[in-house]
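# Descriptive analysis of the structure
Spelled out from the first residue to the last, the chains are:
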Amino acid sequence: MIEMLRNLSTWIRKNATPVIAVLFAAGLVAGFFSLIGLGVTPWDAVFYTLQMIVLNYDKPEGTTPSWLYHVSRLGLPALASWALIKAYMTLAGRSVDQWMARRCSNHILICGSGDQAKMIASSHLKQDIAHRKSIVLLTLAHGQADLEKLQREGVKVVEGDATDEAVLGRLAINRASVIYIVAGADEVNLRVLESVKKAMSPSAVGRQITCLVHVFDDYLSRQTLISTRDWLDDLHLNVVPFNSWKESARRALVQIGPDLFCSQPANRDKQPHAMIIGYSWFGQQLVEQFARLGHYTCSQKLKVTLITPCATASRARLLTRFPALDGHQDPEAWGECAGMLPIIDLEIIEAPVDGFAASDLVRKIMSTVSVTYVCAENAESGLAVTNALLLQTPQLQFPIYISTNTGLEPLRHFIEKASARVRVFDALGQGLQLCDNEAFLRQHTEREAALVHLYFTQEHGHKTLPPELATASVVDLANSLRGGGSDTARMDWLTLDEYWAGLPEWMRESSRDTVRHLPIKQRAIDKDLFVQELSAGEKELLSRIEHTRWVSERLLSGWRYAPKHPDNADKRLHHDLVMFERLGEQSKQKDASIIYILRLLAQERQLAQPAGRVIGRFAAPAGHPVHDSTPA
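Analysis parameters
- Residues numbered from 1 in each chain as written.
- Predicted model: local features only at pLDDT ≥ 70, side-chain atom pairs only at ≥ 80, totals over all residues.
- Heavy atoms only, no water.
- Phe/Tyr/Trp six-rings, centres within 6.5 Å; stacked < 30°, edge-to-face > 60°.
- Helix = DSSP H or I, 4+ residues; strand = E, 2+ residues; numbered from the N terminus.
- Buried < 20%, exposed > 50% of the residue type's maximum accessible area, 1.4 Å probe, protein only.
- Lys NZ or Arg CZ within 6 Å of the ring centre and 35° of its normal.
- pLDDT = per-residue confidence, 0-100.
- Contact = heavy atoms within 4.5 Å.
- Pairing = 2+ DSSP bridges.
- Axes fitted to C-alpha atoms, helices over the stretch in contact; angles between N-to-C directions.
- Core = buried A, V, L, I, M, F, W, Y, C linked by side-chain atoms within 4.5 Å.

With that settled, consider the packing of aromatic side chains. Counted according to the given criterion, the structure contains 6 aromatic pairs. Ring geometry for F282 against F425: centres 5.5 Å apart, planes inclined by 20 degrees, an arrangement best described as stacked. Within this pair, whereas F282 is found in helix α12 (residues 281–293), its partner F425 is found in the loop between β12 (422–424) and α19 (427–430), the two being separated by 143 residues in sequence. Assessed through its relative accessible area of 6%, F425 is described here as buried. An aromatic cluster of three or more residues is present, and its members are F290, Y373 and Y401. Sitting above the plane of the W559 ring, R554 keeps its charged end 4.5 Å from the centroid. A cation sits over an aromatic face here: R560 above W334, 3.5 Å from the ring centre.

So, in structure tokens, the structure goes:
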């Protein structure tokens, strides 16, 4: 009974307007017939019933009205008052939100109304109320049910054009703490970014404002970084391009990949095989990130099978962007690194996404598949493909991860309960975990990448470091990541941050990829390698994995092999773009240095966790001493 009443209450809240309308109509009918019962003519009954609404009518003298009369006399004014208040709030609500938005300070401004914008707003609403900031959502699509729900939860929804600097100026943009630009396609988001620049008043900004702009295309993302670098000094505006689908693909490879390909020793002699069905935004990024980060401890390179209805166009687009994925390149053009091509074994099959899972081709391919990603445009298509896969491969046990462009989180329980093999990978949500902006700003990870670059540069004789950084203690700097470190380390961080900001973007991204690959290396051997001593074979295995990752990253970015020369870096040439076996000892020590600094960072991550404890210590690679002793 209680459950029934609770369900009824929920239904009434969701359908309040039609319920009140029905009750109001019933009140009018009851009032009319109660007056007819008192001997009033029909036309007078209509007139007197309407008067009841404004409390301007009393029963005729000498009559005894029925209970319907009293109910109507009390109910009609109450219902009419509710309707007036509701109408006023509906009409004035937008103006109230806009008025309040103009007076916000240290708030979060979100430009856009799509799934990304709504998820960003929702993620900030989940924060503890004591730390929650005011959220302003600027949209052209006012009136959507989801937006009204956010509005009821406290988001100030304002209707307006984000490409109009006058609109942005009225929303206290100079007093915002974070600005998200997720208005649509790349060109739209970049137009909004330009409007943000015009709306900013340098004299009114007393602190740095972070502007996160969603840019899908890598080239546009790099150009955005280059063209906005001066904005930090001139406007105190720190522009950070991001791609939520790329972030999701990285998480999928780092979180899921090692468990699938590295957890069992038997798997290390078997070629890992990932199949991607569908070429959605997430599917496109999966292919690229498999090539960049999909380097595990297996003895064979990763195989990726892509199923798409337009294989010819997809293949041409991929190989034009990443020639290193093509195994039929001219050896003379690629030199010593030609033997490493393709970076991954990529197979592209043309087949309809919905019909592929029910074809005979499935049984031929599936016997070697380690994991399947269903990358669909919507839930209906994704569930249809997943169901067909389950029916076609009942005897196989490889996991199936299903994702869509719109997210499947509300259906997670039902999908995963139906089959133990199926898992929902919320690609939209994984790329938009934005509490305190940690997913995209990733200040901690950014500083880890800066430390990787600093240590490598210190140990290998480059002359580009400022004098104070050339002798800075990497261990002390790493300790400060978790709140420790000396006063000297804090001063060194100021210098390192400035030095890091001035580096070319390709160099910084290379160090970031090194850090992103850390969880894969952590699970590369069957023990907690980062806090215990390693055998010579384990060190060589990790160095080999790192070298493969580095070579793949450089080849995907357009680098080529060339004999050693001082001007190589400017021409995107490098003498170490060869197989690990052909490296000299000095070059192998570079990989060993990377493994050392990653182990140090992993140890600091463990210490930063509340329950973390260190169970051993390790030493620097031979020939590359650290500037002071490593912590226990």
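From this point, the discussion proceeds with the structure in view.
Let's shift gears to the confidence of the model for the protein. On average, residues of the protein score 78 in pLDDT, and 78% of them reach the 70 mark or higher. Contacts from residues 611–632, a stretch scored under 50 in pLDDT, to residues over four places away or in other chains number 63 contacts.

Strand pairing in a sheet is mediated by backbone hydrogen bonds. Such pairs are either parallel or antiparallel. If you trace the 6 strands from one edge of the open sheet to the other, you get β9-β8-β7-β10-β11-β12, paired in parallel fashion. Whereas interior strands pair on both sides, the edge strands pair on one side only; in this sheet they are β9 (345–350) and β12. Within this sheet the neighbouring strands show an average axis-to-axis angle of 20 degrees, counted without direction. Here 5 bridges tie strand β10 (residues 371–376) to strand β11 (residues 400–404), and the two strands are oriented parallel to one another. Bridging across to β11, T372 finds its partner in I400. Of the strands in this sheet, β8 (303–308) and β9 are in contact with helix α13 (residues 311–321), which crosses β9 at around 150 degrees.

Of note, A176 is situated in the loop between α7 (165–169) and β4 (178–181). Through-space distance from the C-alpha of A176 to that of C211 is 9.7 Å; in sequence the pair is 35 residues apart. Each residue touching A176, except ones within four places of it in the same chain, is listed here: H107, R207 and I209.

Assignment of secondary structure puts S177 in the loop between α7 and β4. Measuring from C-alpha to C-alpha, the distance between S177 and K133 comes to 9.1 Å, with 44 residues separating the pair along the chain. Beyond its immediate sequence surroundings of up to four residues, S177 is in contact with N106, H107, I108, K133, R207, I209 and T210.

A word on the nonpolar core. Side chains of a nonpolar character, in soluble globular proteins, are inclined to be buried together. Residues F282, L286, F290, Y373 and L555 are the most contacted members of the largest nonpolar core, which totals 45 residues. Residue assignment for this core shows that the elements contributing at least two residues are α11 (244–261), β7 (273–277), α12, β8, α13, β10, α19 and α27 (536–556). If we ignore the near neighbours within four places in the chain, the residues touching F282 are W245, S248, A249, A252, C375, S403, N405, F425 and A427. Ranked by size, the runner-up nonpolar core spans 29 residues in total, among them L469, W500, Y596 and L598.

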